[in-house]
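# Examination of the molecular architecture
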Amino acid sequence: MRRTLILSAIALALVLIVGFFAFITVPSQNGSGEADGGAGGLFGSLFPFNFGGGDAGGGDAPLSDELLEDTRPVPPLRKVSDGPSAGGFFFEKESDDGAEEAVGIRFVERQTGHVYETATDTLTARRISNTTIPGIEEVVWQNKNNFIIRYLEGEAVRTFRVELDAAAEGEQSVNGSFLDSWDRAALDPAREEVLAVFEAGSGSRVSLFNFDGSGLRSVFTSPLASWVPLQSANGAYLASAPASGVPGFLYRLSNQTLIKIVGGISGFMPVVSPSGRYVLYSSADGNTVGLSLYDTESRETFESPLDTLAVKCAFVSTDAPTVACGVPSEFPKGAYPNDWLLGRAAFSDDIWLIDPTSGLANLLALPEVDADVAIDVANPAVDASGAYFGFINKNDLSFWTLSLKQQ
Amino acid sequence: MRALLVLAVLLSAPLFASAELIPVLGGALELSTFPAAPRARDTVTVRAENVLSPGNTTFVWRVNGAVVEQGLGRSAITVTVGTLGAPTTVSVSATENGIVRAQKTITITPAEVDIVWEGNTSVPPFYAGLPLTNPSSTLTLSAVPGIVKSSMRVPANELVYSWYVDDSRTALAVGTGKSSVVMETPQFANPFTVRVIAETRDGTVRAEAHADIRPVQPEIVVYEEAPLLGLIFSRALGNVFHLAEEEVTLRAFPLYVSRLDAPAYAWRLNGSPIVDTSDDGRGVTFRKSGRGGGAFSVEFSLENASLLFERARTTFLLTL
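First, a word on what this report is: a plain description of the structure on this page. (Residues numbered from 1 in each chain as written. Chains lettered and ligands numbered in written order. Predicted model: local features only at pLDDT ≥ 70, side-chain atom pairs only at ≥ 80, totals over all residues. Heavy atoms only, no water.)

### Notes on the state of the cysteines
Residues and elements named next belong to chain A.
- Inspection of the entire model under this criterion finds 1 disulfide over all chains.
- Through a disulfide, cysteine 313 is tied to cysteine 325; the S-S separation comes to 2.1 Å. One disulfide, between cysteine 313 and cysteine 325, carries an S-S torsion of 115° and so falls in the right-handed class. Of this pair, cysteine 313 sits in strand S23 (residues 313-315) while cysteine 325 sits in strand S24 (residues 323-328); the two residues are 12 residues apart in sequence, bridging distant segments of the chain. (Disulfide = S-S within 2.5 Å. Helix = DSSP H or I, 4+ residues; strand = E, 2+ residues; numbered from the N terminus.)

### Section: the sheet that holds strand S6 (residues 122-129) of chain A
Residues and elements named next belong to chain A.
- One open sheet holds the 5 strands; their spatial order is S1-S6-S5-S4-S3, and the pairing between them is antiparallel. The strands lining the two open edges of the sheet, one partner per strand, are strand S1 (67-68) and strand S3 (85-92).
- Two elements, S3 and strand S4 (residues 103-109), share 7 bridges in a ladder whose sense is antiparallel. Pairing of serine 85 across the sheet is with glutamate 109, part of S4. (Pairing = 2+ DSSP bridges.)

### Description of the interface of chain B and chain A
- Taken together, the contacts link 41 residues of chain B with 38 residues of chain A.
- Of the roughly 3,300 Å² buried between chain B and chain A on both sides combined, carbon and sulfur atoms contribute 59%.
- Remark: the boundary between chain B and chain A carries 5 salt bridges.
- Glu155(A) is paired through a salt bridge with Arg282(B); the nearest N and O atoms lie 2.8 Å apart.
- In this structure, the connection of chain B to chain A is made through 16 residue pairs in polar contact (both at pLDDT 80 or more).
- Class assignment of the residues belonging to the side of chain B that touches chain A gives a composition of 25 nonpolar, 6 polar and 10 charged. (Contact = heavy atoms within 4.5 Å. Buried area = accessible area lost by both parts, 1.4 Å probe. Salt bridge = Lys/Arg side-chain N within 4 Å of Asp/Glu carboxyl O. Polar contact = N/O pair within 3.5 Å; in protein donor to acceptor, adjacent residues only side chain to side chain. Nonpolar A, V, L, I, M, F, W, Y, C, P; charged D, E, K, R; others polar.)

Here it is, written out as structure tokens:
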């Protein structure tokens, strides 16, 4: 009896000691939703459902729990994934209280390949799939249940189309099939067709196919392999690959023929609006970068009041010349866009809403002030309602969203 | 007497006629345009050529039949041409002392051609930028024409292309449908210019373009290869890499080299060769051993014995 009491006392003391150390080492989340790094997971790993009010597995450790509950209010600038993400996607959903229609978000954790779902009106995240696929470099989303992941096996790119069961409740395993790996691809605004460039010996073939890989048809062949494909509702395009100081061009693909839209611009990087009417493009020579908008109907070119690389911008709606952009506070000495594309240069962006046709720009966020973090916007996208701007922070590969509704 | 006077006049008539026939033209009246091959909506200068004394010559200019300019010495005009394939007719008459000495008409049909090129060199996976050419490599150039005739776009493979390098009068390549060429950099590291002329088979519509190309030296970019994150292409190693974890795997990617399997690769730590690398020699793993810190010089180099300019080296400091 006495021995039992002694052992029980020792056990209780051990629990208290562990709990004490967990309490003093667990980090807190700031108002931007960002975890302050560090251990973080000790308390969370012992009490995975936020027992005791600590954070839920924050920092750079991979999310490993099915439900990450967080009842704090959602900040306008929000770090959605605690760690590196391969990409996120907006989709329409009903909010839990049925009041305002929230926007759903799914994102893929890069280290594990697990898919998580959250929404713009909550910080709580739920794991959708638990199939582990590490090292995902790229995700192309068709919808929340169908997407393509790309990763490396050695230096060969593997392309796998994932199909989640829309009717499944709780976590599910990933099913899908491998597709032929392309070198560069672009999805149409309806997310039905993929325009892809496949390097083929000396040169390339450009093909269109359905998202599930069916209906493959060649639309162009070229002695060049570095074409960059783009799509709008108006058609398919090929742009020359960008390089600092090298004139580039954008062509529309029509019956195996290239028809020039705009070009002869150094360091040319274009982004075509969903309707196809506008072409946002950046020019670059050394560390001199410019941003312009070309209206294909009026044939007018408008200079943006702010300069950035066009691929750091996304059109806010289908047919308006307004874009949300990450705008670097400065361009360090270098050769752009080469150095940024290679990962040699990193930026600290402010986020702006820009209308080059009017010359107006509205400041949306100062991440270094609002969230105490340097953000380098990559893979930007705007949800269908035009209310949210999503992007990867290239500095740490985390996935972020910014509410545009405040503007 | 009267007969003699008439005879004298008749005999002297050729003298007067000869004075009126003194040529004001150095040859047939020609019209030149600048630019020589105008693109759509270009402003074109059209100039009368072979006029010996333009100051004494009255020119009357017509564009699409309408007089747009006339006057003494007005030997050139500017005209804005239309869209691709839309012809603009320019005619001029040269008059002296009220006598039309010559007339000339040309039709300007705007056309265009672009040169899109790439080096046949290596870039890392997922890199969306242009492979550049190095002084030893080849490059591929493709002409993308925009030539419209009789309101129909002429297929690219039905045009005649002529390719030239720098000021050479000898074509690098000529042929119908010859819209692309593969060439070696002509003068090692020196910049060079490639010109292309694309024209219809009958030569009536013509477009020109040139590309100024500067070869670059091969480079090396090194990325961390994390066990679960994979290759972190978003962040290339800089001058210093701090080893925070117990080990790190790094992988070097040659940039702008012709063949990845040709060069000899070497990793060095503080000048000493590292033997234990990946199978292809481009990957290496560093592990901490023992305690304490330090800084180590790491070097990765590549050298292609058969291509003089395909060599590169990068160094960084590995700190613990």
